[in-house]
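Chain by chain, the residues run as shown.
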Amino acid sequence: MASPGDRFEFAIDRGGTFTDVFARCPGGKVRVLKLLSEDPANYRDAPTEGIRRVLEEECGQSMPRNQPLDTSLIGWIRMGTTVATNALLERKGEKMALLITRGFRDLLHIGNQARPRLFDLEIVTPEVLYEEVIEVEERVVLQRDGCQLPRREAFQTVTGSTGERLEVWTPPDLVRLEADLRRVLSQGIRSLAVVLMHSYTWSSHEVQVGALARRLGFQQVSLSCEVMPMVRIVPRGYTACADAYLTPKIREYLSGFRAGFCQGLQGVRVLFMQSDGGLTPMEKFNGSRAILSGPAGGVVGYAMTSYSQENRQPVIGFDMGGTSTDVSRYAGQYEHVFEATTAGITVQAPQLDINTVAAGGGSRLFFRSGMFVVGPESAGAHPGPACYRKGGPLTVTDANLALGRLLPSFFPRIFGTSEDQPLSSEDALREFHLLTATVNHFLSTQPGASHSEMSVEEVAMGFIRVANEAMCRPIRALTQAKGHDTSHHILSCFGGAGGQHACAIARALGMRTVFIHKYAGILSAFGMALADVVQEVQEPCCLLYQESSFTELDRRVEELRGRCEEALHGQGFTSSEISTEVFLHLRYERTDCALMCSASGYPGNKESCSTGDFRAAFTDRYRKEFGFTIPERPIVVDDIRVRGTGRTSIDHQSRVEPRGTEPRVERVTQCYFDDGYLDTKVYLLEELSCDHSIPGPAIIIDKNSTILIEPDCHAEITQSGDVRIAVGTGKLRAVGTELDTIQLSIFSHRFMSIAEQMGRILQRTAISTNIKERLDFSCALFGPEGGLVSNAPHIPVHLGAMQQTVQYQIQELGTELQEGDVILSNHPCAGGSHLPDLTVITPVFHPGVPRPVFFVASRGHHADIGGITPGSMPPHSKSLQEEGAVFISFKLVKNGVFQEQALTDALMAPSKFPGSSGTRNLHDNLSDLRAQVAANQKGIQLVGELIDSYRLEVVQAYMGHIQSNAELAVRDMLKEFAHRRRQQTGSLEVESVDHMDDGTPIRLKVLINEEEGSAVFDFSGTGPEVFGNCNAPRAITLSALIYCLRCMVGQDIPLNQGCLTPIGVLIPEGSILQPSRNAAVVGGNVLTSQRVVDVIFKAFEVCAASQGCMNNVTFGNERVGYYETVAGGAGAGPGWHGRGGVHSHMTNTRITDPEILEKRYPVVLQRFSLRPASGGRGCFRGGDGVIRELLFREEVILSVLTERRATQPYGLKGGEPGSSGLNLLVCADGRTLNLGAKTSISVKPGDMFQLQTPGGGGYGSCEQLTPPGPLSKKKKKAESTFAERGSVFEYSRTQEAV
């Protein structure tokens, strides 16, 4: 649909700092403009001002800023904006209220109950968006086969949009609701989000509530069933809230934008970019689909300009800005995610998979405990980097300036307090001289380190290399997560800062080509000009993908397709300009891993829908991403989606003519590279043509960016005027075994990357829900003596525990370990935590070395390995044999052969014990153990590549250096604590005691050596082994200790063996913390571990006790089984209140969404809310626990394994303790029973289990006028940080939420 050629066409990206304008003038001339997004002294709105400037300059007539612009000159306007993102980040949206089903008023506060940062004791979660909550008296419940609740005739039975049958237990009480709504209106709230249980399929109640609210005068009513009708009330609720919070702000902005034009832009086609990469008319632009409006334009821009349909080489988009870098991928189709988190709000809506990582030009530089660290803190726009002349800190930008890679004379004079000064090399170099002195002082104190001092340039170069490695990790994760080879991609670089790093990053990733578009500085705006108009419709579904469903699926697809086409016809598109693509959201039954699949390339046949062969599309993609399929498992259709596209047919190709002359050198400057300073030619991009070739080193200057062509790289100008760089392999730097602090940081990233990539393979190839979807596993790398080098992810209860397992095998097997062997172990005497955690260990051999040079291992939680109860978590086990299959040093693979029969026999062996069963899920056990072996094999391959690059002795030397770095950080923390402690009390000894519910004491005395920065943790006086399962193997105590040390250090450090080097640990044998060989331990892993943490923090007076429990709840019968851990209150500390409704310390498990829980299990969740006043009072309050009520619909066995039912979480410094927990069973016959802390009981239909979890302790007495000061140094909050997002971030969050 071509626009008239005699009018101006504008594509605009309104960013947080700058607004970029791409304008095509009549006759084809192109104008590019960049201006400040906020400049109230000169103009009211940046996009309007950009349009005004172009029109005024091109038309040659005055257009005053205070008068509306003439729209007769404008063909169309396309825009992306960060208005919604900024309102979300800064919490400056519309004042709003939440309407939610009764019993769930705090559901969105609790969310999935996981804390966002594992080691932060002050649990900071983004504030909820609503200011008021109204609980709606209404309830619908899914009908369930086998439900044994008494049938009530009064219940209305209805059919939802998915075909599911529901019972209306309580219709909405509209009379009571009207009074509540009027009260909210009187508070000035005019925006509502309505979120009711199961409204994704039965919307009638939400529609009734919405109609009442609109009648009463609410101006924005966002119904979750309309905003995004997908199952799972928590993310759907967040999405509805985001819509209600942001849409009024977007309307307000659009109204102001219209006011800048004659007749409010009537007759002008104005389109806005949505998060999914498609344009939509201005009047349809809404909050929930606007969050990635600006970044989406950049993805469209590089996808349309960098990807070739001929060679089909996939592209990585690399957009490096001031505070962060956006990474994405394009391989002929846009890669979408359908649930993503921005600023703590999880939104269900199609969004491009744009991954934001913590490394931008403004990322701050630190030297911590001998390690170079980049970010995540950012200098922000104010004060900005040191070179901005406003007293800012050192940043990546300063490092590039110090190395001569940025040339101040080519930057505008907009810096300094008067904003009229050039960039200051002097300020940057002055700060680098100070930092370099700190680095050299550290080096001079290190035995065995090189004694030659580092220069300023070497330090700056070191930070650049560390920043590059930090950016490589998410790119590897993004590609390898889906089975792609990173090196087979093109790196498409845009944004202001990326051109300085592109060559180095591409080389590190094995890429051979970098592509930089001529409009790279404004590529998001250019992408708006190239984008198509998109209309999407989506509906939930619950059909199986099988022949009996095809007719219904085809009917629904055609209905949705018709709705898309009708909407696009209404926007002026002809049928020839409209195309539609159908997607089915598919998953294997009894899994949660759904894939949104298109049948493009899979034509329909007799055994498929007429739309296409979705089964083949799903299984091919599943095999590609996960390495296997489950052919015997039915496939479920969760959602049907149709994406309609109206093509805009805009030609983006423009050619530059060859000049037939050598390119003009603007100047020659000195740039610093690995070989020192080199003469570097400087060129202006606007003077280069398609016959010009630029060898490195060189700098190409554009109006909005600087491109560094590194030595051994070669740039060519394409016929379109873009820059294509061929990346050479570069010169390998010789690295010795002596400590190089730069290499230390790089090796830290490389070691962690090995563990992370092992985890990706394990997640891809495992089959069980626990490992594949909950990501309940850890992968790790160990040295030749079994010392931990790197561990990912950081599951607290796994920290350090695997090291004990590996060292046990080295001691036990010694020379018996041969190449081709793989060991399986889970016994507590061999470093196991509890039996379901199976550890697979593989030795890494190197030619010419008789003993293993490294070890790799993976530990995964298996859902069942036998024992007296399903799930292998019995509440009343008295011996280890009752808890499942036991492995001490079992050869899982022998001489390269997987020992399946011997393994099967061992997994079934528990059935020999009375009342016990062998594994109840042998197939998943075998599959997951094979996946663990495969993950280890990936680790071996990566270790081999590292050795090939650096030599064995160098890799092993840096393994030791990394461990020494962690040791140094812990020693520094202990010295600092000891110094303050001696000044305050004169003593270097601290002690504490706390008790289990049965009265067993856990006693700790810590003696600190201030001079050495070491400590002895002595648990003498701890109670004896118990006749129950709260015994904790030694490995559990060590994991809890590493967790506590990391929390007290207060910054990111490598979590490895070095953390415990300064620590001595004394645990009496035969105690609850070092029980006998056959003691039951399942409760020790999930309960006693929490008490150990409480005791350590109490001794150091770090914070009050958190709930001290994981609240383990299991129920099941012969048909179904379910296990969950439930949140409670976090302890308060010096300067912060405890968070309520969150997991703390040694667990971070996500909880099942209420709608999924009711859909799959025979329960009705009647209540899930905070437990008021359960947090301890104090100057800083403890967090509240939660109340969770489960109504049973069938007879099941209910098991609870809990603590803090007889004892209370302690307060500190005068703060009061939190409330203890309570487990109640409200029987159908009216009786209420206290179940105690640990029990297993048969419950009947109609019985209701009420779980009341403990609150956190308070800190400081209520009478204190001034808060008590912290005993440990409180870390200063970053002035400016970035908002992580994308599939890589979601994966990391899920990994740490187990």
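Just so you know, these numbers come straight off a predicted model, no measurement behind them.

(A) Structural context of the overall build of the chain. Assigned secondary structure in the chain consists of 25 helices and 55 strands. Residue pairs at least 24 apart in sequence account for 72% of intrachain contacts in the chain once pairs closer than 6 positions are excluded. Taken as a whole, the chain presents about 46400 Å² of accessible surface, with 48% of it coming from carbon and sulfur. Charged side chains in the chain number 128 positive and 146 negative. The centres of these two groups are separated by 2 Å.

(B) Representation of the pairing of strand E47 (residues 1112-1116). For E47, the tally of buried residues reaches 5 of 5 residues, placing the bulk of the element in the interior. A two-sided burial pattern is seen for E47, the buried positions comprising Asn 1112, Thr 1114 and Gly 1116 on one face and Val 1113 and Phe 1115 on the other. Note that E47 and strand E48 (residues 1121-1125) share 5 bridges and pair antiparallel. Paired with Phe 1115 across the bridge in E48 is Tyr 1122. Where E47 folds back on E48, the antiparallel hairpin that results is connected by 4 residues. With 5 bridges joining them, E47 and strand E51 (residues 1196-1201) adopt antiparallel strand pairing. If you follow Asn 1112 over to E51, its bridge partner there is Leu 1201.

(C) Spatial organisation of unusual backbone geometry. The peptide bond linking Gly 696 to Pro 697 adopts the cis configuration, its omega dihedral lying at 5°. By secondary structure assignment, the location of Pro 697 is in the loop between strand E31 (693-695) and strand E32 (698-701). Not every positive phi belongs to a glycine, and His 198 is a case in point at roughly 65°. Inspection of the secondary structure assignment puts His 198 in the loop between strand E10 (191-195) and helix H5 (204-216).

(D) Representation of the environment of Val 533 within the structure. With respect to the helices and strands, the residue Val 533 is situated in strand E25 (residues 533-540). You can call Val 533 buried: its relative accessible area is 0%.

(E) Fine view of the pattern of salt bridges. All chains considered together, the criterion is met by 57 salt bridges. For Glu 539, the salt bridge goes to Arg 563, with nearest N and O atoms at 3.2 Å. Here the residue Glu 539 occupies a position in strand E25, and Arg 563 occupies one in helix H14 (residues 547-570), the gap between them amounting to 24 residues. Because the salt bridges share partners, they merge into one network encompassing Asp 994, Arg 1091, Asp 1094, Glu 1203, Arg 1204 and Lys 1238.

(F) View of the sheet that holds strand E38 (residues 822-825). Across the sheet, 7 strands lie side by side as E37-E36-E40-E39-E38-E41-E42; this open sheet has antiparallel pairing. For this open sheet the edge positions go to strand E37 (788-792) and strand E42 (897-898), each flanked by a neighbour on one side alone. Two strands pair when backbone bridges link them, and strand E41 (residues 890-894) and E42 are joined in this way by 2 bridges, in the antiparallel orientation. When the sheet's bridge partners are listed, Val 893 is paired in E42 with Phe 898. Packed onto the sheet, helix H20 (residues 922-950) meets strand E36 (777-782), E38, strand E39 (837-846), strand E40 (849-861), E41 and E42 and runs at close to 30° relative to E39. Across the sheet, helix H21 (residues 952-985) is in contact with E37, E39 and E40; its angle to E40 comes to roughly 50°.

(G) Region of the structure containing the sheet that holds strand E7 (residues 139-142). Spatial strand order, E7-E9-E8: 3 strands in an open sheet with antiparallel pairing. Edge strands, defined here as strands with exactly one partner in the open sheet, are E7 and strand E8 (156-159). Averaged over all neighbouring strand pairs, the angle between strand axes comes to 35°, with direction disregarded. Both E8 and strand E9 (residues 165-170) contribute to a ladder of 4 bridges, which runs antiparallel. When the sheet's bridge partners are listed, Val 158 is paired in E9 with Leu 166.

(H) Expanded view of the packing of helix H22 (residues 1034-1049) against helix H23 (residues 1082-1100). As a packed pair, H22 and H23 sit with axes 9 Å apart at the nearest point and diverge in direction by 45°. The angle between H22 and H23 falls in the class oblique. Considering how the two elements wind past one another, H22 and H23 form a crossing that is right-handed. When H22 is examined against H23, the residues Ile 1036, Thr 1037, Ala 1040, Leu 1041, Tyr 1043, Cys 1044, Cys 1047 and Met 1048 are found in contact with a partner set consisting of Gly 1084, Asn 1085, Ser 1089, Val 1092, Val 1093, Ile 1096, Phe 1097 and Phe 1100. Classifying every residue of the contact of H22 with H23 gives 12 nonpolar, 4 polar and no charged.

(I) Molecular detail of the environment of Leu 1041. Checked against the element boundaries, Leu 1041 lands in helix H22. Put simply, Leu 1041 and Ile 1096 are 55 residues apart on the chain and 7.7 Å apart in space, counted from C-alpha to C-alpha.

(J) Main features of the packing of aromatic side chains. Summed over the entire model, instances satisfying the criterion amount to 33 aromatic pairs. With 4.9 Å between their ring centres and 25° between their planes, Phe 272 and Phe 285 make a pair best called stacked. Of this pair, Phe 272 sits in strand E12 (residues 269-273) while Phe 285 sits in the loop between strand E13 (279-281) and helix H8 (293-306), and the two are 13 residues apart along the sequence. When its relative accessible area of 4% is taken as the criterion, Phe 285 is described as buried. Geometrically, the ring pair formed by Tyr 302 and Phe 494 is tilted, given 5.9 Å between the ring centres and 35° between the ring planes. Of this pair, Tyr 302 sits in helix H8 while Phe 494 is found in strand E23 (residues 490-494), placing the two residues 192 residues apart along the sequence. Both residues of the pair, Tyr 302 and Phe 494, belong to the buried class. A connected cluster of aromatic rings, assembled from ring pairs, spans Phe 367, Phe 372, Phe 442 and Phe 463. Directly above the ring of Trp 76 sits Arg 78, whose terminal nitrogen or CZ lies 4.4 Å from the centroid.

(K) Quick look at the confidence of the model for the chain. Here the chain averages 88 in pLDDT, while 94% of its residues score no lower than 70. This model gives residues 1265-1282 a pLDDT under 50, and the stretch forms 39 contacts once residues within four places in sequence are excluded.

(L) Representation of helix H4 (residues 174-185) in the model. Taking 1.5 Å per residue as the helical rise, H4 with its 12 residues ought to reach 16 Å, and the 16 Å between its terminal C-alpha atoms agrees with that figure. Every buried residue belonging to H4 is among Leu 177, Leu 181, Val 184 and Leu 185, and all of these are buried. Seen from one end, H4 has its buried residues packed into an arc of 95°, which puts them on one side. Looking at the buried side of H4, the elements it contacts are strand E5 (96-101), strand E6 (132-136), E10 and H5.

(M) Highlighting the nonpolar core. Membership of the largest hydrophobic core comes to 217 residues, with the highest contact counts inside it found for Phe 10, Ile 77, Phe 432, Ile 725, Phe 854 and Phe 1249. Ranked by the residues each element gives to this core, the list is headed by helix H7 (residues 233-258), at 13 residues. Each residue touching Phe 1249, except ones within four places of it in the same chain, is listed here: Val 1113, Arg 1188, Glu 1189, Leu 1190, Phe 1192, Leu 1198, Val 1200, Asn 1223, Leu 1224, Leu 1225 and Leu 1235. Among the nonpolar cores identified, the runner-up in size contains 71 residues, and Leu 121, Ala 978, Met 996 and Leu 1045 belong to it.

Parameters at a glance
- Residues numbered from 1 in each chain as written.
- Predicted model: local features only at pLDDT ≥ 70, side-chain atom pairs only at ≥ 80, totals over all residues.
- Heavy atoms only, no water.
- Helix = DSSP H or I, 4+ residues; strand = E, 2+ residues; numbered from the N terminus.
- Contact = heavy atoms within 4.5 Å.
- Areas by Shrake-Rupley, 256 points an atom, 1.4 Å probe, with all protein chains shown as cover.
- Lys, Arg positive; Asp, Glu negative; His and termini not counted.
- Charge placed at Lys NZ, Arg CZ, Asp CG, Glu CD.
- Buried < 20%, exposed > 50% of the residue type's maximum accessible area, 1.4 Å probe, protein only.
- Pairing = 2+ DSSP bridges.
- Salt bridge = Lys/Arg side-chain N within 4 Å of Asp/Glu carboxyl O.
- Axes fitted to C-alpha atoms, helices over the stretch in contact; angles between N-to-C directions.
- Parallel < 35°, antiparallel > 145°, perpendicular 65-115°, else oblique.
- Left-handed = near helix turned anticlockwise from the far one by under 90°.
- Nonpolar A, V, L, I, M, F, W, Y, C, P; charged D, E, K, R; others polar.
- Phe/Tyr/Trp six-rings, centres within 6.5 Å; stacked < 30°, edge-to-face > 60°.
- Lys NZ or Arg CZ within 6 Å of the ring centre and 35° of its normal.
- pLDDT = per-residue confidence, 0-100.
- Expected span 1.5 Å × (residues − 1).
- Arc of directions from axis to C-beta.
- Core = buried A, V, L, I, M, F, W, Y, C linked by side-chain atoms within 4.5 Å.

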